Amino acid sequence: MQTRAKQAGPEPHRAHAFPVGSEAAGPAVPRLIIHAVELTVGRDNCEARTTLSLNSHRFMGRAVGRAQFDEPWQLAAAASVDAMQQYLQQSATGPPTPQVKLLDTAALTTGIGQDVISAVVRISHGNRQLDLIGSALVRNDRSHTAVAAALDAVSRPLASYLLAAKRDSEDGFQPTILEIGPTSSEARARAPETECPPQVRFPALGVVITAAAIRTAAVDRDGRVLAEARRASRARVEPEVTLGLALQSVREALAALNSSGPRPGAIGVAVPGSLHSQDGVCISCGDFPAWRDIQITAPFADEFGLPTALLSPTQAAAFAETCFGAAQGLADVLYVRVGIDIDVALVLDGRLLPLPRMLPGQPGHMVIEAGGPRCACGQSGCWQALAGREALLARVVKAVRRGAPSAVAAAAGGNFGAITPGYVVRMAASGDAVARGALEETGRYLAIGIANLATLFSPQAIIVDSSPASLGKALLHAAEGTLKSTARARVLSQCVLLSPELGDSAPLLGAAAWAARCAP
Ligand SMILES: [Zn+2]
């Protein structure tokens, strides 16, 4: 386990950091996934960008052509081959690096009227070369199909090369990319899978609705905010009023976008509460007590004619950190937000675990100490009753009332009610023993809950967030020692502990990015 302050992107040898095999199951199947196929068609030129991943390592390729001569789907196939070349460049164990090249693509209609796209790809390794053909039936769009055809041609050699590279690193065998294919039973058994995700639709709009404010941002594929709108919000108003303000904020953001620029392709709406994300329904909401089974997505989809997704702000922040922030490029991330409640979001295989499969706030009520302190939910020993911000403050007040020497109460003007987590963190940094002790004890309990979740889900990264950000960092630091001693070493050996990087804008960016990739 390591603490990582910042990582700009995937590391070149990440694929080898995450082993091809796991201890329990033996060598795992290399899993080649199409994450995104993006096309930009201009008057003269046309560009395709394809993002693939293999064993949690993402890699991107691009191809540019002339709009008059090249079909966008042909460029998408070329971009996918370029992505594979980038991957081979990064993961090759020694010279010569295998070379992949797209030789030809073709579209045809079968005798039963089914459209098919085929791709011919050449793989060269040293002085040997092999031409392979792959094909795929057209289902959704031709660009995804063309990428699938190119992967169909080369995925098995790629898998075999990686398996050979793995053996090489362990036993001294030389990688042999050409001794593969149907003649190799190992390669046949372990051919990668391919999956087609929905089309990526950047720029996209992120909308975050809370009792404090309603915010909308148009976000591009790099996480840049192109336009923003903000409106005041109130908790005790009818849902129609709040949704009306949110629709208005979307109109304002659209008006603020440069009219000659690309139009948004999807909307992501983040609302705190119990959600049924697939139905677009908010079942109940702590910020808006009057909300019961409110349809959230339909008004946006109807007015703007765009696919609209619903998620929680915690989920949105977690997804933003995997797209643009601290956990960029990682596919399995556990995100823990510590407030009065403890909320958790999980990104698995690059996708958010949908609500209500994991109810917002529910992980905070895992019992981690039988007979522990009473929780607001009525149980005893809940995680948030031991590791939430109220538990931290209660520890400080209890120690001061017992007469432990501390400057915390004086710093808050002698008023226990004025002690904030920010005070506690500052006092701990200045050496106050009570503040330090309270943070350490809270961090230990936080670590127990995190270790339980990490044992279940084996994340590649754990992000601990809180407000103020200094509290999240202090708790993460305090939790680290207990995590190392509590969680099974195997679970955490490849896991990094991270602080979030995107601040207040994370839910906006994540709502947009999730909608761009996964809005129905
Ligand atoms: Zn509870």
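These numbers come from a predicted model, not from an experiment.

Caption draft 1: Representation of helix H2 (residues 72-91) within the structure. Over its 20 residues, H2 extends 29 Å from the first C-alpha to the last, a length consistent with the 28 Å expected when each residue adds 1.5 Å. Extensive coverage of H2 is indicated by the burial of 16 of its 20 residues.

Caption draft 2: Structural detail: the environment of Ala-217. Mapped onto the secondary structure, Ala-217 falls in strand S11 (residues 213-219). Once the C-alpha coordinates of Ala-217 and Leu-257 are considered, the two residues, 40 residues apart in sequence, prove to be 9.9 Å apart. With sequence-adjacent residues up to four places away left out, Ala-217 is seen in contact with Gly-206, Val-225, Glu-228, Ala-253, Leu-508 and Ala-512.

Caption draft 3: A look at the sheet that holds S11. An order of S12-S11-S10-S13-S17 is seen for the 5 strands of this open sheet, with the pairing classed as mixed. With partners counted over all chains shown, the strands left at the sheet margins are strand S12 (225-232) and strand S17 (308-311), one partner each. Each strand of the sheet is rotated relative to its neighbour by a mean of 15°, with strand direction disregarded. Bridge count between strand S10 (residues 204-209) and strand S13 (residues 267-270): 4 bridges; the pairing is parallel.

Caption draft 4: Main features of the packing of helix H11 (residues 421-429) against helix H12 (residues 433-457). Following both chains from N to C, one finds H11 and H12 inclined at 115°, their axes separated by 7 Å at the closest point. Here H11 is positioned roughly perpendicular relative to H12, judged by the angle of their axes. Relative to H12, H11 is oriented so that their crossing is left-handed. Every residue of H12 that contacts H11 at Val-424, Met-427 and Ala-428 is listed here: Ala-435, Arg-436, Ala-438 and Leu-439. Split by residue class, the contact of H11 with H12 holds 6 nonpolar, no polar and 1 charged.

Caption draft 5: Inspection of the packing of H12 against helix H13 (residues 469-486) at higher detail. For the pair H12 and H13, the least separation of the axes is 7 Å and the interaxial angle reads 55°. As far as their axial angle goes, H13 and H12 are oblique. As for how H12 packs across H13, the hand of that crossing is right-handed. On H13, the residues that touch Leu-439, Glu-440, Thr-442, Gly-443, Arg-444, Leu-446, Ala-447, Ile-448, Ile-450 and Ala-451 of H12 are Ala-474, Leu-475, Ala-478, Ala-479, Thr-482, Leu-483 and Thr-486.

Caption draft 6: Just unusual backbone geometry, in detail. Omega for the peptide link from Phe-202 to Pro-203 comes to -10°, which places this bond in the cis form. Position of Pro-203 relative to the elements: it lies in the loop between helix H4 (185-189) and S10. Residue Pro-468 follows Ser-467 across a cis peptide bond; omega there is 0°. Relative to the elements of secondary structure, Pro-468 occurs in the loop between strand S21 (461-466) and H13. Residues other than glycine seldom take positive phi values, yet Asp-293 does so here, at roughly 50°. If you trace the backbone, Asp-293 turns up in strand S16 (residues 292-295). One non-glycine residue, Ser-458, lies in positive phi territory at about 45°. Positionally, Ser-458 belongs in the loop between H12 and S21.

Caption draft 7: View of the confidence of the model for the protein chain. Overall, the predicted model of the protein chain reaches an average pLDDT of 81, with 82% of residues at or above 70. Every residue in residues 3-29 scores below 50 in pLDDT, and together they form 38 contacts with partners more than four places removed in sequence or on other chains. Residue range residues 166-198 is modelled with pLDDT below 50. Its contacts to residues more than four positions away, or to other chains, number 69 contacts.

How each quantity is defined
Residues numbered from 1 in each chain as written. Predicted model: local features only at pLDDT ≥ 70, side-chain atom pairs only at ≥ 80, totals over all residues. Helix = DSSP H or I, 4+ residues; strand = E, 2+ residues; numbered from the N terminus. Expected span 1.5 Å × (residues − 1). Buried ≥ 20, exposed ≤ 12 C-beta atoms within 10 Å, placed from the backbone. Contact = placed C-beta atoms within 7 Å. Pairing = 2+ DSSP bridges. Axes fitted to C-alpha atoms, helices over the stretch in contact; angles between N-to-C directions. Parallel < 35°, antiparallel > 145°, perpendicular 65-115°, else oblique. Left-handed = near helix turned anticlockwise from the far one by under 90°. Nonpolar A, V, L, I, M, F, W, Y, C, P; charged D, E, K, R; others polar. pLDDT = per-residue confidence, 0-100.

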